[in-house]
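Listed below, chain by chain, are the residues.
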Amino acid sequence: MRPFPLRTGVRWKIAVAIAAVGALIAVTLSVVVHNAARISMLDNAREVQMERLLFAQRMYETSKPKEPRFGTKINDPSLPAQLDQLMRDKRRGTYVQEHRDGGPPDVWAAVPLANGDVLSLHIPFADRSATIMNDLDRALVIGSVSVVFGGCALGVLIGGQLSRRLRKAAVAAGRVAQGNTDVRVREAVGGVVRDETDDLAWAVDALTDALNERIEAERRVTADIAHELRTPVTGLLTAAELLPPGRPTELVRDRAQAMRTLVEDVLEVARLDSASERAELQEIALGEFVERRVRALDPEVVVQVVHESWVNTDPRRLERVLGNLLANAAKHGRPPVEVTVEGRVVRVRDHGPGFPEALLKEGPSRFRTGSSDRAGQGHGLGLTIAAGQARVLGARLTFRNVASESAPNGVGGAIAVLWLPDHAPTNTGSFPVLRQPV
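Residues numbered from 1 in each chain as written. Predicted model: local features only at pLDDT ≥ 70, side-chain atom pairs only at ≥ 80, totals over all residues. Heavy atoms only, no water.

Colleague: Go over the overall build of the protein chain, please, and point to the residues and values.
Modeller: Tallying secondary structure elements over the protein chain gives ten helices and eleven strands in all. Split into buried and exposed, the 438 residues of the protein chain put 35% on the buried side. If you take every contact in the protein chain between residues at least 6 apart in sequence, the share linking residues at least 24 apart comes to 61%. A total of about 27,200 Å² of accessible surface is found on the protein chain, and carbon and sulfur atoms cover 57% of it. (Helix = DSSP H or I, 4+ residues; strand = E, 2+ residues; numbered from the N terminus. Buried < 20%, exposed > 50% of the residue type's maximum accessible area, 1.4 Å probe, protein only. Contact = heavy atoms within 4.5 Å. Areas by Shrake-Rupley, 256 points an atom, 1.4 Å probe, with all protein chains shown as cover.)

Colleague: Tell me about empty space enclosed by the protein, and name the residues and values.
Modeller: Across all of its chains, the model carries two cavities of 30 Å³ or more by this definition. Estimates place the volume of the largest cavity at around 60 Å³. Lining the largest cavity, in full, are Leu-325, Asn-328, Ala-329, Val-348, Arg-349, Asp-350, Phe-355, Leu-383, Ala-414 and Ala-416. Contributions of two or more residues to the lining of the largest cavity are made by helix 8 (315-332), strand 9 (345-349) and strand 11 (411-419). Ranked by residue count, the leading element in the lining of the largest cavity is helix 8, at three residues. Across the lining of the largest cavity, the residue classes break down as seven nonpolar, one polar and two charged. (1 Å grid on protein atoms, 1.4 Å probe; cavity = no way out; pocket = protein on both sides within 12 Å on 5 of 7 lines; lining within 4 Å. Points joined across faces, edges and corners; volume = space filled by probe spheres on them. Nonpolar A, V, L, I, M, F, W, Y, C, P; charged D, E, K, R; others polar.)

Colleague: Lay out the sheet that holds strand 4 (residues 118-124) with the relevant residues and their values.
Modeller: Strand order in the open sheet made by the four strands is 1-4-3-2, with antiparallel pairing throughout. Every other strand in the sheet has two partners, leaving strand 1 (73-74) and strand 2 (93-97) as the edge strands with one partner each. Strand direction decides the pairing type here: strand 2 and strand 3 (residues 106-112), joined by five bridges, are antiparallel. Its bridge partner being in strand 3, Gly-93 is matched across the sheet by Ala-110. Here helix 1 (residues 10-62) sits on the sheet in contact with strand 1, strand 2, strand 3 and strand 4, set at roughly 40 degrees to strand 3. (Pairing = 2+ DSSP bridges. Axes fitted to C-alpha atoms, helices over the stretch in contact; angles between N-to-C directions.)

Colleague: Talk me through the environment of Ile-415; I want residue IDs and the actual numbers.
Modeller: Residue position: Ile-415 is located in strand 11. Classification of Ile-415 by relative accessible area gives buried; the value is 8%. C-alpha of Ile-415 to C-alpha of Glu-338: the two residues are 77 residues apart in sequence and 9.3 Å apart in space. With residues up to four places along the chain from it excluded, the contact list for Ile-415 reads Arg-347, Val-348, Arg-349, Phe-355, Thr-398, Phe-399, Arg-400 and Val-402.

Colleague: Before we move on, can you summarise the packing of aromatic side chains with the specific residues and values?
Modeller: All told, the structure shown has one aromatic pair when counted by the stated rule. The interplanar angle of 80 degrees and the centroid separation of 5.3 Å between the aromatic rings of Phe-355 and Phe-399 together place this pair among those described as edge-to-face. Of this pair, Phe-355 sits in the loop between strand 9 and helix 9 (357-362) while Phe-399 sits in strand 10 (residues 396-403), and the two are 44 residues apart along the sequence. Taken as a pair, Phe-355 and Phe-399 share a single burial class, namely buried. One residue, Arg-396, lies across the ring of Trp-419, its end atom 4.9 Å from the ring centre. (Phe/Tyr/Trp six-rings, centres within 6.5 Å; stacked < 30°, edge-to-face > 60°. Lys NZ or Arg CZ within 6 Å of the ring centre and 35° of its normal.)

Colleague: I'd love a proper account of the side chain of Asp-205, names of residues and values included.
Modeller: By the secondary structure assignment, Asp-205 is in helix 5 (residues 196-241). For the buried Asp-205, no salt bridge is present, and the opposite-charge side chain at shortest range is Arg-184, 4.3 Å distant. With near-sequence residues (within four places) excluded, Asp-205 lies in contact with Val-183, Arg-184, Val-185 and Arg-186. (Lys, Arg positive; Asp, Glu negative; His and termini not counted. Salt bridge = Lys/Arg side-chain N within 4 Å of Asp/Glu carboxyl O.)

Rendered as structure tokens:
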């Protein structure tokens with residue numbers, strides 16, 4: 001069982017990364033600032049405590065009788081061990097005593113006297129200092145939270161811009177993959193600032209140009225070869241007409257005619273690939289036109305007009321599409337072949353083994369070999385020409401199979417659907433721009 005891939009956008013990845021880095025920096029700086037401020041305030045309190053103790057010492061030594069003043073004590077039994085050790089070494093010092101209950105620490109100061117006694121003073125850490133520390137901690141927390149949210153917002157902004165440019169590049173690349181080779185990914189990306197997205201766009205555009213040049217070169221070679229073959233094939237067909245009657249003559253004529261048809265089809269595909277073909281528009285009743293042309297092409301085909309519709313299209317190209325679809329159904333499918341007209345939609349169905357999976361996924365391709373259940377023959381140029389002529393008409397040609405439980409392979413025939421547009425292309429090959437009603 002394959003794990004479900006977790007999809008996340010670049011925007012949120014960048015936002016989370018910036019927020020995480022901001023949080024780490026904010027927490028680190030907060031801890032450093034808190035500790036530095038606390039140490040500084042405690043050092044200051046220790047100095048002040050020592051100054052008070054020295055003043056009290058002078059007052060003690062000059063007064064008579066000698067009495068400790070200002071809260072000082074002689075030989076305080078609660079003197080911390082660290083200070084007691086200093087006193088034994090005849091050294092004065094200060095000490096900060098922490099409490100386990102988390103309360104404010106005590107600041108100690110002690111000095112040794114000449115008679116061997118110890119004068120000491122200790123007071124709790126000033127409430128004002130504790131308040132300052134609490135205010136500082138609160139400010140640090142608020143600042144840290146602000147940095148995290150600000151970093152997240154900045155990440156969303158930066159990531160959103162990058163994500164938007166990548167999506168535009170992906171859409172433009174998808175249009176190129178669909179055959180719109182005039183699309184420029186760099187222009188679709190736009191923007192003033194240059195980054196890696198522009199490098200990707202330039203690379204895709206360069207790849208598109210290289211592919212276009214190669215396709216154009218192959219198209220020219222194909223057209224040139226077909227054009228050069230047209231004259232000798234025509235001569236061969238003419239010479240075959242001069243042969244004496246007989247079976248060998250019929251075989252030669254049949255093969256020569258097949259070669260001539262193939263050459264004409266290759267030339268037609270080359271013209272369609274060049275995008276120079278233009279439709280000669282004429283308004284016709286689609287149902288009546290299809291029924292009349294299908295009867296002339298194959299009287300055995302069942303024609304049903306569900307709904308009549310008038311369309312503005314090229315009758316010659318439409319007849320070419322119908323002829324190729326019927327020829328494909330007769331060659332690769334099984335009878336009965338049915339043609340249905342419903343409004344602007346024309347459906348051609350046979351009851352054969354259906355279209356191969358490759359055609360359903362990628363569309364018709366010239367000289368492609370079909371599956372073995374269709375007699376081992378590809379669709380060749382027939383469906384390719386039909387699809388090309390449909391594009392000239394501004395129509396859409398789709399292919400699908402009919403599911404059937406009674407069929408051996410589960411397929412009950414193939415259906416080709418021609419969707420004629422509501423608005424036919426103009427003489428320049430483009431489509432008119434419809435103005436919205438006021």
